[in-house]
Amino acid sequence: MFGLEKPGRSGGFPNMACVGDFNVLSSSIPATKVELTVSCRNLLDRDTFSKSDPICVLYTQAIGNKEWREFGRTEVIDNTLNPDFVRKFIMDYFFEERENLRFDFYDVDSKSPNLSKHDFLGQMFCTLGEIVGSQGSRLQKSIVGIPGKKCGTVIVTAEELGCCRDSVLMQFCANKLDKKDFFGKSDPFLVFYRSNEDGSFTICHKTEVVKNTLNPVWQAFKISVRALCNGDYDRTIKVEVYDWDRDGSHDFIGEFTTSYRELSRGQSQFNVYEVINPKKKGKKKKYVNSGTVTLLSFLIETEVSFLDYIKGGTQINFTVAIDFTASNGNPSQPTSLHYMNPYQLNAYGMALKAVGEIIQDYDSDKMFPALGFGARLPPDGRVSHEFALNGNPQNPYCHGIEGVMEAYYRSLKSVQLYGPTNFAPVINHVARYAASVKDGSQYFVLLIITDGVISDMAQTKESIVNASKLPMSIIIVGVGPAEFDAMEELDGDIVRISSRGKFAERDIVQFVPFRDYIDRSGNHVLSMARLAKDVLAEIPEQFLSYMRVRGIKPSPAPPPYTPPIHVLQTQI
C-alpha cells in the first residue's frame, strides 16, 4: 500500500524523528511522548469521477540548516474530502524546544511512493508547542499552498502517551527468615532488580534495614513503573533478601522472582513468596525455604504531568523586562549592547526572541506585558525601574513577540539610559498579578535581560523569596562581558536563596550568561535554540512543584471535538 514505506528507510512507517543535526539539542531524555492525530475537512477535490484519495505527510525541520525532513506518512483514505486518519505520529515532546512541523496533503493517484507523482492538496505549518498549547491540545488551521483556492481545514490533536507516568506504592513484610547473626537475630533488607532484554538485572530499589528481627515489616515505598519493569508488566522482577552487616559484607538470605502483573493482584495468596537460597537448596535434602515475604499493599498512582495542566486550560503568561541602564553603552554606537544593527538582532533582541517564541505557544491571547528598568523617561527625566516599553503604563501589553520587539526599539529612541540596576520592582510587578490568581489557571514567567551587576541585591532576594510562594518563575539572561557572580547566587541551584532568615519555598530562578551561547561559526539560529533550551528546561518542573505544594489538580480537558462535515451544495 502506498505510504507504508518510504524509499531509503528500512522497516515501514517512520514514526520517530530522523537523527541528524537536530540531535545537537535532543540528547536529553524526552520529557514525554505525544501522539498526533490528523483530520481534515473540505479538502480540494482533484479527481474527476470520484472524490480525492488523501494522505498526510509530516515533516520536521532541522534547527541548524532549516532543512525539512520527512517524519512519517498516514495511510491513504479512499474517496473522501473529510478524512480522519487512523495512523498516528508519535513524537518526542520538549517544552523548551521549538519543533517546527509541516503537514502536506496529497491526493494519491497510484501506488508510487514518490510524492511528485500525486496531486498536491495543500499544506499547514505550525509548531508542536502550538498544538499542545491550543485549547484541549487541539489545533484547527486552514490548509494553504494553492493560490486562489480554498483548501479546507486540518485538525491536529496531541495526546500524551501515559504508559510511563504510573508509580506504585508498595509495602512488604517477611516471616521466619533465616537467622544469620551469631548473637542476635538478622537485620534484614530487600533489594529489587528489574530484568533487562539480555537477561541481566539492574538494581532499582533497596528497602531500609529492619534491625534484629526475623519477621520484619518494611516501610511502604514508591517507585515508578518505568524503573520497576520499564513499562513491561510481565518482565521478571527479582528480589533478594539480605542480612545487613556493619562492615558491608551483607549475608545473602535468599531470593524470589515476581512481575508487575503478579504484584498488581495486591494482597492475596498469590503474593506470598518463598525465599529460596539456591546453595542451601542444593546441599540440604529437607530444605524448604529461608522464610517468606508477603506483599501487604499495592497502590497505583498516576503522576500528573505539565501537559495535563496545559490541556486543562492553564495559561502561561509571559512578561519581559529589559535593562536600560547606562552601562549598556550608547545605543547609537556599534559597541553598545543595545545597538540597533539593521542587519542583525542585538543580544537583547536575540534572547527575547529565542525564549519568547517558544513561550508564546502556551498563551492564547499572545498579549505580553513588556517592561523596562533603569532609564530616565520623557518628558521630565524621572528615573523608572518599572516602565511600559509601549509608553502606556495602564496597558503595557504588546501583541506577540514582534510587538514586544517593536516597543523595545521605540523605547531606545525615546528614553535615556541611566541606572542603577534594580530588579525588585519588575519582580514585584509580576508578583502582584501572580498573587491574584493562585488557583492553577495561570502561571507567570518573567524574563529579565540585563547587562550587569545588580544594585538592589537585598530587595531582590526578598522579592524572590516572596515570589517563590506564587505561581511564577524568573529567567535571567545576562548579556555583555560583566561578571555575573551575584546572578549565580540568585539562581539558587547550589544554595537555596534566603532573605532575613526565610528560605525560598521553591527554586524559581534560572540564570544563564548569553556569552556562553555565542556560536563562533556565526550560526545564531542554533545558539539561540540552545539558549532557549537551557533557560526553559526547568520551567515544567518549577510549574509542577507549585501545583503539587498547593494540591492543585489539572482541570479536566474539554471533551474531544469532532468537527462537523459540511456537505457542499453544488449548483445545477
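Residues numbered from 1 in each chain as written. Predicted model: local features only at pLDDT ≥ 70, side-chain atom pairs only at ≥ 80, totals over all residues. Heavy atoms only, no water.

- Going by what an unreviewed UniProt entry lists, the protein chain is known as Copine-8 and is assigned to Bucco capensis.
- Taken verbatim from the UniProt record of the protein chain, the Sequence similarities (unreviewed entry) comment is "Belongs to the copine family."
- Under Function (unreviewed entry), UniProt gives the following word-for-word description of the protein chain: "Probable calcium-dependent phospholipid-binding protein that may play a role in calcium-mediated intracellular processes." (UniProt positions renumbered as here; feature names shortened; annotations may be inferred.)

Topic: the side chain of Asp-53
Part 1: Within the secondary structure layout, Asp-53 lies in the loop between strand E1 (32-41) and strand E2 (54-61).
Part 2: Looking at Asp-53, its side chain comes within polar contact range of the main-chain nitrogen of Asn-79, at 2.6 Å.
Part 3: Other than its neighbours up to four places away in sequence, Asp-53 contacts Asp-47, Val-76, Ile-77, Asp-78, Asn-79, Tyr-106, Asp-107 and Val-108. (Helix = DSSP H or I, 4+ residues; strand = E, 2+ residues; numbered from the N terminus. Polar contact = N/O pair within 3.5 Å; in protein donor to acceptor, adjacent residues only side chain to side chain. Contact = heavy atoms within 4.5 Å.)

Examining the sheet that holds strand E5 (residues 100-107)
Part 1: On the basis of which strands lie adjacent, the open sheet formed by four strands has the order E3-E2-E5-E6 and antiparallel pairing. Of all the strands in the sheet, just strand E3 (68-73) and strand E6 (119-127) have a single pairing partner and so form its edges. Each neighbouring strand pair of the sheet contributes to a mean axis angle of 25°, computed without reference to strand direction.
Part 2: One ladder, built from eight bridges, connects E5 with E6; its direction is antiparallel. Note that in E6 the partner of Phe-105 across the bridge is Gly-122. (Pairing = 2+ DSSP bridges. Axes fitted to C-alpha atoms, helices over the stretch in contact; angles between N-to-C directions.)

Quick look at the confidence of the model for the protein chain
Part 1: Residue-level pLDDT values for the protein chain average 87, and 91% of them are 70 or greater.
Part 2: Contacts for the low-pLDDT stretch residues 1-30, under 50 throughout, to residues beyond four places or in other chains number 65 contacts.
Part 3: Throughout residues 568-572 the model reports pLDDT below 50, and contacts reaching past four residues in sequence, or to other chains, amount to one contact. (pLDDT = per-residue confidence, 0-100.)

Notes on the packing of helix H6 (residues 347-359) against helix H11 (residues 524-536)
Part 1: Here H6 crosses H11 at 60°, and the two axes come no closer than 9 Å. Relative to H11, the element H6 lies oblique. Here H6 and H11 pass one another in a crossing that is right-handed. Contacts from Met-350, Ala-351, Ala-354, Val-355, Ile-358 and Ile-359 of H6 reach H11 at His-524, Met-528, Leu-531, Ala-532, Val-535 and Leu-536.
Part 2: Residue classes in the contact of H6 with H11 are distributed as eleven nonpolar, one polar and no charged. (Parallel < 35°, antiparallel > 145°, perpendicular 65-115°, else oblique. Left-handed = near helix turned anticlockwise from the far one by under 90°. Nonpolar A, V, L, I, M, F, W, Y, C, P; charged D, E, K, R; others polar.)

Observations concerning the sheet that holds strand E14 (residues 251-259)
Part 1: The sheet built from four strands is open, its strands ordered E11-E10-E13-E14 with antiparallel pairing. In this open sheet, the two strands that pair with only one neighbour each are strand E11 (201-206) and E14. Along the sheet, successive strands turn relative to each other by an average axial angle of 30°, direction set aside.
Part 2: Taken together, the seven bridges between strand E10 (residues 188-195) and strand E13 (residues 236-243) define a ladder with antiparallel strand orientation. The residue bridging Tyr-193 from the neighbouring strand is Lys-238, located in E13.

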